[in-house]
Amino acid sequence: MKTFVEEQVTKGGYASISEYLLELINQDQQRKVQETIEELLIEGLESGEAIEVTDEWWAQKRIHLVNKPLQRQ
């Protein structure tokens, strides 16, 4: 395994094994965030009754969001 990692460091242009490992961790974090986003999108698509989203719908949605008071946490 050590040889493999060292080869990846060299081939990938990393300055050190630590830099390579940090990149792997970062990629894993990004993959998990993407998975969460996809799960939430699917959940949203499967919830409630389908509606037709038109230019008029978006205009009304923008007006609603602009006029909505900010919530403080």
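In short, a report on the structure. (Residues numbered from 1 in each chain as written. Predicted model: local features only at pLDDT ≥ 70, side-chain atom pairs only at ≥ 80, totals over all residues. Heavy atoms only, no water.)

1. Considering the overall build of the protein
Part 1: Each helix and strand counted, the protein has 3 helices and 0 strands in total.
Part 2: The order of helices and strands in the protein, counted from the N terminus, is α-α-α.
Part 3: Relative to its length of 73 residues, the protein is extended, with a C-alpha radius of gyration of 22 Å against a globular reference of 11 Å.
Part 4: Seen through its C-alpha atoms, the protein measures out along the principal axes to roughly 60 × 30 × 25 Å.
Part 5: Counting all 73 residues of the protein, 4% fall into the buried class.
Part 6: As displayed, the protein has an accessible area near 7,200 Å², and 55% of this comes from carbon and sulfur atoms.
Part 7: Side-chain charges in the protein split into 8 positive and 14 negative, and the spacing between the mean points of these groups amounts to 8 Å. (Helix = DSSP H or I, 4+ residues; strand = E, 2+ residues; numbered from the N terminus. Rg over C-alpha atoms; globule rule 2.2 N^0.38 Å. Buried < 20%, exposed > 50% of the residue type's maximum accessible area, 1.4 Å probe, protein only. Areas by Shrake-Rupley, 256 points an atom, 1.4 Å probe, with all protein chains shown as cover. Lys, Arg positive; Asp, Glu negative; His and termini not counted. Charge placed at Lys NZ, Arg CZ, Asp CG, Glu CD.)

2. Quick look at the pattern of salt bridges
Side-chain pairing between opposite charges can occur once the charged atoms of the two side chains come close.
Part 1: According to the stated counting rule, one finds 4 salt bridges in the structure shown.
Part 2: In this structure, the salt-bridge partner of Asp-28 is Lys-32, at a minimum N-O distance of 3.5 Å. Placement of the pair is Asp-28 and Lys-32 together in helix H2 (residues 17–46), with a separation of 4 residues, close to one helical turn.
Part 3: Among the residues examined, Asp-28 registers a relative accessible area of 29% and is labelled partly exposed.
Part 4: Overall, Lys-32 belongs to the partly exposed group, its relative accessible area being 44%.
Part 5: One network of salt bridges, with partners in common, ties together Asp-28, Arg-31, Lys-32 and Glu-35. (Salt bridge = Lys/Arg side-chain N within 4 Å of Asp/Glu carboxyl O.)

3. A few points about the packing of aromatic side chains
Part 1: If you walk through the whole model with that rule in mind, you get 2 aromatic pairs.
Part 2: Ring centres of Tyr-14 and Tyr-20 lie 5.3 Å apart, and the angle between their planes is 65°; on these two criteria the pair is classed as edge-to-face.
Part 3: Residue Tyr-20 is classed as buried on the basis of its relative accessible area of 10%. (Phe/Tyr/Trp six-rings, centres within 6.5 Å; stacked < 30°, edge-to-face > 60°.)

4. What about a nonpolar patch on the surface?
Part 1: Where nonpolar side chains cluster on the molecular surface, the patch consists of Ile-17, Leu-21 and Leu-24 and spans about 230 Å² of accessible area.
Part 2: Structurally, Leu-24 is set in helix H2.
Part 3: A relative accessible area of 36% places Leu-24 in the partly exposed class. (Patch = residues over 30% accessible without salt bridge, like charges linked within 9 Å, V, L, I, M, F, W, Y side chains within 5 Å.)

5. Quick word on a negative patch on the surface
Part 1: Residues Glu-38, Glu-39, Glu-43 and Glu-46 make up a contiguous surface patch of negative charge.
Part 2: Note on placement: Glu-39 falls in helix H2.

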